[in-house]
Structures are given as C-alpha cells and as structure tokens.
Amino acid sequence: MASERLNKIRNFCIIAHIDHGKSTLADRMIERTGSLTMREMQDQVLDNMDLERERGITIKAQAVRMSYKAFDGEIYTLNLIDTPGHVDFNYEVSRTLAACDGAILVIDAAQGIEAQTLANVYLALDANLEILPVINKIDLPSAQPEVIRQEIEDIIGLDAADAPLISAKNNLNIDEVLEKTISHLPAPSGDEEAPLRALIFDSKYDTYKGVIVHVNVKDGAVRVGDRIRMMNTKKEFIVTELGYFRPGDFQPCEELIAGDVGYIVSSIKNVRDTAVGDTVTLAVRPAEKALPGYKKVNQMVFCGFYPVDGARYADLRDALERLQLNDAALSFEPETSAALGFGFRCGFLGLLHYEIVQERLEREFQLDLISTAPSVVYHIHMTDGRVVTLDNPTNMPDMNDVDYLEEPIVKASILAPSDYVGNIMELCQDRRGSFITMDYLDKTRVNLHYDMPLNEIIYDFFDALKSRTRGYASLDYEFKGYQKSNLVKLDILLNGEVVDALSFIVHEQKAYARGRRIAEKLKENIPRQQFEIPIQASIGGKVIARETVRAYRKDVLAKCYGGDISRKKKLLEKQKEGKKRMRQVGMVEVPQEAFMSVLRLDE
Amino acid sequence: MSHEMMDWQIPTAVYLHIPFCRQKCLYCDFLSFAGCDSATMADYLAALEHEIQAAGSLPTAQVPLQTIYFGGGTPSLLPPEDLRRLLQALALSFQLTPDAEISLEANPGTLHPDDLKTLRQAGFTRISIGLQASQDHLLRRIGRIHNASDFSKTVRAARAAGFRSISADMMFGLPGQTLDDVADTTDFLLDHQVDHLSYYGLILEDGTPLAAAAARGELSDLPDDETERTQYHLIRRRLADAGLEPYEISSSARSGHRCRHHLVYWQGRSYYGFGLSAHSYLYGQRRANTERMTDYLAAFHHPAEQSSTGQNPFAASSLLETVDREEAMNEMMLLGLRLTDGVSFNDFAGRFGTPLTVRYGKVIDALVDRGLLVRDDRGVRLTCLGLDLANLVFEQFV
C-alpha cells in the first residue's frame, strides 16, 4: 500500500509523434504549474539541444519536476520524463519508460495515430504503464476528434471516452490534462523503508561536477555523503550532491526518497561507469536484486570519421571524447586509411545515431569530416574454424581463408498507408528482405513485417522508403540474429589503385549494380585532372564496372593584370587551397564530396 | 639607397592608369569608368600629376626610366595635350633614357591622325591597339565600340605619324568564335604588319555582364576547352611562321619589338605605378593605390600653384605584401616561367646566391615528370603542354 507521500507523486512521460505537440504540451504544463516564470519560459524547454529542436526529436532524455495544486486542494509533485523519440534509441526509451508509472499519449486530432507513436505505445504497454490518451490540435479546421477517439479505441484498444480534447498551442483544456494525470495515472508503488534501488534512466557529463546520473528512486532513500554502488558495473562512489530537476536547471536537496525522480552527483569521471538501466544501491545496505531490464548496449553500425584537414586529427579525438562523456553508446578507436590518413572507427546504435554524432561533431566542434560508408558487423567463418568479426571492409581477410560470411538480420516493421504497400514490397524485395506478415491496422493502414539484412538498411533505405511513400511510411527495427549470406568485398580503384576508404561489403547479386552506380557517382564528383583517370569497381581482382574521367585540356590564366601580381597570386593560392581540401590518392586528387557521394546512391 | 640595391630592385619602369572608357566592354573587370565628364577627368589628371611629382622625392627617382606604359581604361580617350603633360611631369620627376619605350594603349577609332602625330612628337614610341577580333559580329557580342576598319585606319595613321612599334591585342575563346575566325583575325593583323601581338583567352570574370549572361545560360556557343586551346596554338604558330616569335605565354613579337615594360613584370623587376588602382613594386613591397576616385583625388589634391614635392608619394596606396627573399624566389619562378625562355639557372643564382635546383629541385623534378616543364643546361621552361596547364606549374610557387 502506497504511503500518503507517494500518493502525491506522479511519474510519467509523454508519447507523441513528431509534430503532434509533445513539447508544446510539456511547455503548457510547466507554465500552468508555475514551475517557470513567463520570462524564463522559452518555447519547448525540454528539447534543449539545437539539433533536437531542428529535427523535432529528443535525443537525450530530459526530466522536469512540477508542483501542482489540484482541484481537490492537495499539492502534487509531477515528474515529467521526456523520452528519446527514435528507434535507434529504443533501449533508452525502454529505460525511460521503466522510470515512469504512466504515460500521456498525445494524438493529433487531424492526423491520427502514426507508426512511431504506436511503437512507443507498445513499449509503454510492455512496461505496464497506465496510458492517458489526449487529443491535441482540436482547434484545427481539419480536426476530427471523434474519429480519432474511435481510432484510439480500435487500434490501441484504449478507452478514449474521457480523453481530454485540447489545444496545447492555444492553451485549451490544459487543466483537464493535469487533473486526469492525477486521477488516471497511478502513484509510484515503492517501499520507502527497503534498501535503496534507484534506476538510472540517463546520465550527463558536466565539466565541473563530472557525471550527473538521472534516477528514479524505486525503493529506499539516498542522502548526500552516502556511499553508493552501481549494481551491474560494481563501481562505488560517494554522493556529493543530489536534487531534482527544475526546467533547464538543477535544484539541490538533502535526500531522494522512493518515488522521487532526481539526479545524483558523485565525482564520477566516466559515463560508462553509470550505464543507463543500471541500479544504484547503498554500499552499506545493498539491495538483493537489481531492477530488471539492464542490458549492455551494442553498436550495430560502424564507419570511419576523418578530418578533412589532417591537422585537426587531435581536435577530432578531443571532440569524440567530449561526446562520449554524454553518450555512452558511442565507441571509437583510431584507424588509418591510405586514402584518408588518420581517423577513427566509430560505432553507433544505428543510422540516426551515426548521423546525429556526425552532425554534432560538425556543428558543436566545427569539424569538417569525411565519413566512410557505414558498415555493419559481419561474422567471418574462417576455413580453420575460427570466427572473426569484421566492422571495417578494409580488414577483410583473404577470401581463400574464408569459409563463409554471416550478416546481421533485423526484424523490420513498416507502417504506412495501404496505398503504398506495392511500392514498399518492391523496395524491401529489392533490399533482400524476406516477407513475414502484414497486418491491416484499419481500412487504410498496414503494418508490414520483413526480415532484412541490416546492411541493406544502413545505406539509404530510409530515404528510399520515404520517397516511395511520399514520406508517410515509418520504420522500426530490432536485431534478430546472424544469417549466412553470399557476400563479397567490392573494391574501388582510381587510376589502378584500390582506395581503401571506398571498399565495402555487399551481397553478390547487388555488387554489379552497386559498383556501376558508385563508379558513375565518382565520375560526377572527381574533377578532370592532368591525366585520364580510370575508375573501376572490382571483386577479387575482377573488374565489374568502369568509368573514365577525361583529362582536362586547359588550366591557365595568362591575362596580364597591369602589374597586379598579387591578384594573380591570390587566384593561384585559392586554387591551391581548394586542392589542399582534396585527398591525394596515388596521382589522383579526390574531393571530399566524392567520398560522400557514394553514401547517397539513390539521388 | 640605390647603391645598396641590386639591379632588379631598382625601378626603371612606370605604369600609369587612365580609368576612363567611352563604354565598358562586356568582359572587362579592370577599373574604369564609362562616360565621365571632362571636369572629373581634369581633376584626375591634376591629381595624377601631383602623384608623379610626389614620387620625384623617392630615393630612386634619379635613376632614368627605361619604360613607361599608359594603360587603362582607354588612355587614348584623353586629349593628346593631356597625355603630353603627363609625360612631361614624368620627365620632370624622373629622367628618361634616350631609348625609353613609351607605350600607349589605344582603342581603334579613338584617335585622329593629327592626335597620333602629336603623341609621337610628345615622345610616345609604341602604340598598342585593341582589335580583339576582325569580325564585327564578334566585336558586338563582347561590347566593343569599334569595328575592324577602325583598326585599319588607326594603324595606317600611327605609321604615318612615325610610330615604329605597333602592337595589337586579340582575344580567343569568344562566344561564337570559330577556328576560322581566329585564323582570319591573325592573318588580318599580319596583313597590317603589326610588330607585336598579345592574345588573351576570354575569362568570364565575376561581376561582368558576360559572366552573368553565361550564368543565365546564354553563351551556349562558347568554344570548349579543346577548341580554345587549338585556337591558342594556331595563333602562336601562324605568328611564328610570319616572323613573330612567341616570347611569353600571351605575346609574340618581331625581333626587337618585345614589350620591355611587360618584361619588367615577368622578370620580377621593380616598377612605379601611378593613378587610380595602379600597382607598384618598390623596395620589396607590392602596393596598390585606392580604387575609389574620391579618395584618390583627395589624396593628391593641391592648389595648382603649390608644388607637391615633399608630399608622401604613397598617400593613396596601401601595402599589399612585403616580398621577402623566399617570396621573391617564388615570384621569379611564377612570373619567369611565363616567358618562352623560362628561368635561367644563371639569373636565379645571380639574384639569390642559391642555385635554382637547390631551392626547387624536387618541385621541378615532379613537374618535369608530369611533362609540364623542360629542363636543359640553361634553365627551366614550360613545355607545350605546360602552356595549356600553366596554373599547375605556377601553383607550385605560391
């Protein structure tokens, strides 16, 4: 039986599709509960990374504590925990959900339920969360709240009869959401007297404080000065500060007790010691069992990052180290490429994670990067019985020593309007998918299930899917297992020399088309040079495609600038500068765009 | 000061900029103004005279000048009396050698036969006439104000006036220009017995109307690179056959008619520059005058009765760069390789005390391997391929 104190706490998250109004609703609730003055209020407080705002997604979990005086006259503590919103961060999503007891499901009154929302709703239901549906944007001319109400009942099977009809943008019926949060969502059910068990649902690195772990205290209590222990990593630390979250801010306090959501600081230097999903307990009185759900994250996608300017190698290392402090899922180690020089092999949870890291490196650290084509991790079964893993095609052993290869397969589910089923099936077939099943969610929408090789998804599958469904389809996938496959290593040769950074592993059937397309792309992106440059794609020394960049005939500025020698020199310097940004591969100067162009073959 | 300087550091050349035109050509990005009133032109001439006077106080002013070049713009737009006055101002501030080369750029049709006589008498020895092409439809495409027959008249009048060295400019790679057009223009110029010819490939400079037209896709008949190069080599071959030897990447001349003033640039020697936007290379410094007319006039504005002697000769200029020994070496290569004779081992070692092969051995080896440079006992020079890909060579020296 929950205590009186616990009865006054609600820990919940908001689930919504991009643009359905999650951040706006959060803002209104924060505003309404006076947790932030109007002046402090900046639109969409929760998404505080630039990148998150632009992409309209949440990358890192965020949390905020609100105090709300309900109509019953009691004061309640509402902890809103924001969830990362993408399949790549599925594990983080599930940990965030584990920190909640309920969820507000925001559905757009005009657009209805979208695939991504549904995926997260299922995760929430799996985590035994109580769900409060809310229909937003009811003031839109195209709003159909009653149709949507029915949809929620039909598709998700939730009772939506009492779902508040709101407009977060225009501050309509926000009180009703707050009241229903209290009446509809359960209070935490922890034991304040039991040994400490606090779930880590996120962690952040702060230059002054070290790692700040975000926790939901399930049982017991923790105070400043306590010696805490991470139950899975076994690391121990002394708590130097703890507290709860104000919007965009930390509020230190004396102790966190069962039911509280807050943060702990304890001079932790490495985010890896505080893995998301781990359980914090007290060293003096440890809990017997950790909270369920902890899982070591595995990188699924790998690529090489190289600075365009080789002199910035050290800057790139520093930047990766800084990002890793906040992103334990990112891995990197030095690698060297004959074509690209010194760089790092980086591992990511998925393609979006890869894109986000790349973008953050470029924006937050002003680095110009060349990225090699992303690769998955292959299992190579050698003739001598050994099995080696391969995440960099360059390191492919001699095929004579290889018995067979295995590649990772994922369970993919694609949600889309039924009009596009044909297009999607064609695409999945083309990407070596095997059809599993297809569910009609209603008359107009289907959920297609395919088993697909991950290496077919990581190139440009998202883009291809979007363009074949006018942007309506959404994709979710999870790792299934490894499968034997007829894979070959495709090499690209410029002027007869293999360019290591352009090698990749591909299914035999697709090698020819892929090789030809890459050769064409490179031809478009490599400028004419003094000599004719043959571009070849080859498998095991056999050329399967060839293009030629013709030699140029002219590169001369012979005008007499009336003694203006400086101008002439500037023009030459500019030309030389442009070439410095290129990579010398043998005799050939290759611009960075050429390396990038092979990543977008569908364009 | 001059006794400490090496020969190449002593300026004996003057460039004078006349930034006026009747009409801007569509490809031109040099600083010049079309349709200026006579009052502005008079103010400009006064300021220019003051600048020349002020330069008379420079430590090298007593060394006689060997070349003077009036460039533009269209210097021939100025009344001959004004041009004479400028020459006199130069003669007062500096001395002139008896065989000084004094060139004037002229547009066909801008000079009356009497004007040419006056100019010859004033001391001009050489005239450079911009024909560009002998086909009137091509001249219209690039916004020239004259036609081919204007050119013929001007050449005849110049000879009659006693000019013994006549140069012409022509262009290739023009929109709509065929190989035959280029051959015809070359023959046209040879028929006129020109002594010197400069030939420039069209460059679509940013900000010019022609570049804008190209950006709008209106120049679909621009010759491709292959054709442009064929045109270039055709010009050089025809001229050589007629006794005008190519001596520089853009110039061919009869014996004794090489442009000594331009050779100053390519040999990395020093020169004065007077007038709006004019460049100079003095005492190891490259400077440029302002490009703003009002600033220039203000810098050299003086009441007529006052002398400008003692005024700062650099009042309108700003320093672009100081050419140290390293940079001077680079420049000697980058500029000298434009010349058919290239850069000689003797000249390089004589100037810097370091053998060329010691300073640039590796770079030169690589360029020779790439077929862009040829090396012999005397020195290094561009190959025929090197003429087409000269920037690949030059960029090694910036």
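Along each chain, residues carry numbers from 1 onward, in the same order as the chain's sequence is written. Chains and ligands are labelled sequentially in the order written, the chains with letters from A and the ligands with numbers from 1. Only residues with pLDDT of at least 70 are given local features in this predicted model, and only at 80 or more are side-chain atom pairs given and counted; all residues enter the totals for whole chains, interfaces and linings. To obtain the side-chain values, all non-hydrogen atoms of the structure were included, while hydrogens and water were left out.

## Brief notes about the sheet that holds strand β7 (residues 165-172) of chain B
All names here are of chain B. Test applied: Between any two strands, at least two bridges found by DSSP are needed for them to pair. Numbered from the N terminus, helices here are DSSP runs of H or I no shorter than four residues, and strands are runs of E no shorter than two. For helices, the fitted line uses only the C-alpha atoms of the stretch in contact; every axis is such a line through C-alpha atoms, and the angle between N-to-C directions lies from 0 to 180 degrees.
The strand order across the open sheet formed by nine strands is β9-β10-β8-β7-β6-β5-β4-β1-β11, and the pairing between neighbours is mixed. Looking at which strands have only one partner, the edges of the open sheet turn out to be β9 (245-248) and β11 (272-274). With direction set aside, neighbouring strand axes in the sheet form an average angle of 20 degrees. Of the strand pairs in this sheet, strand β6 (residues 126-132) and β7 are connected by six bridges, and their pairing is parallel. Its bridge partner being in β7, isoleucine 127 is matched across the sheet by isoleucine 166.

## What to know about the pattern of salt bridges
Note the threshold: Think of a salt bridge as a Lys or Arg side-chain nitrogen and an Asp or Glu carboxyl oxygen that are within 4 Å of each other.
Under the definition given, this model contains 55 salt bridges over all chains. Between A:Arg32 and A:Asp175 there is a salt bridge whose closest N-O contact spans 2.4 Å. Separated by 143 residues along the polypeptide, A:Arg32 in helix α2 (residues 22-32) and A:Asp175 in helix α7 (residues 174-184) bring together distant segments of the chain. Close ionic contact of B:Asp365 with B:Arg375 constitutes a salt bridge, the shortest N to O distance being 2.8 Å. Of this pair, B:Asp365 sits in helix α13 (residues 356-369) while B:Arg375 sits in strand β16 (residues 373-375); the two residues are ten residues apart in sequence, bridging distant segments of the chain.

## Overview of the interface of chain B and chain A
Here is the rule we go by: Only heavy atoms matter for contacts: two residues are in contact if any of them lie within 4.5 Å across the pair. Summed over both partners, the accessible surface that disappears when two parts come together, traced with a 1.4 Å probe, is what is meant by buried area.
The interface of chain B with chain A comprises 38 residues on the first partner and 25 residues on the second. Buried surface at the junction of chain B and chain A, both sides included, amounts to about 3,200 Å², of which 54% is carbon and sulfur. It is B:Asn391, B:Glu395 and B:Val398 in chain B that bury the most area against chain A; as a group they hold 19% of the surface buried on that side. Taken together, the links from chain B to chain A amount to nine salt bridges. With its nearest N and O atoms 3.2 Å apart, the salt bridge here joins B:Glu228 to A:Lys554.

## What about the packing of aromatic side chains?
Put simply, the test is: Two aromatic rings, drawn from Phe, Tyr or Trp (for Trp, its six-membered ring), form a pair once their centres lie within 6.5 Å of each other, and the interplanar angle then sorts them: stacked below 30 degrees, edge-to-face above 60, tilted otherwise. Each residue gets one of three labels from its accessible area relative to the maximum for its type: buried under 20%, exposed over 50%, partly exposed in between, using a 1.4 Å probe on protein chains only. By the criterion adopted, a ring carries a charge over it if an Arg CZ or a Lys NZ lies within 6 Å of its centre and within 35 degrees of its normal.
All told, the structure shown has 29 aromatic pairs over all chains when counted by the stated rule. On the basis of an interplanar angle of 55 degrees and a centroid distance of 4.7 Å, the ring pair of A:Phe250 and A:Tyr263 is categorised as tilted. Note that A:Phe250 is positioned in strand β12 (residues 249-252) and A:Tyr263 in strand β14 (residues 261-265), a separation of 13 residues in sequence. Note on A:Tyr263: relative accessible area 0%, which makes it buried. Both rings, one in B:Phe94 and one in B:Phe274, keep their centres 6.2 Å apart while their planes meet at 40 degrees; by these two values the pair is tilted. With a gap of 180 residues between them, B:Phe94 in the loop between α2 (80-93) and β5 (96-106) and B:Phe274 in strand β11 connect regions that are remote in the sequence. Each member of the pair, B:Phe94 as well as B:Phe274, is classed as buried. Above the plane of the ring of B:Tyr281 lies B:Arg286, whose end atom (NZ or CZ) is 3.9 Å from the centre. Of note, B:Arg287 hangs over the ring of B:Phe314, and the distance from its end group to the ring centre comes to 4.3 Å.

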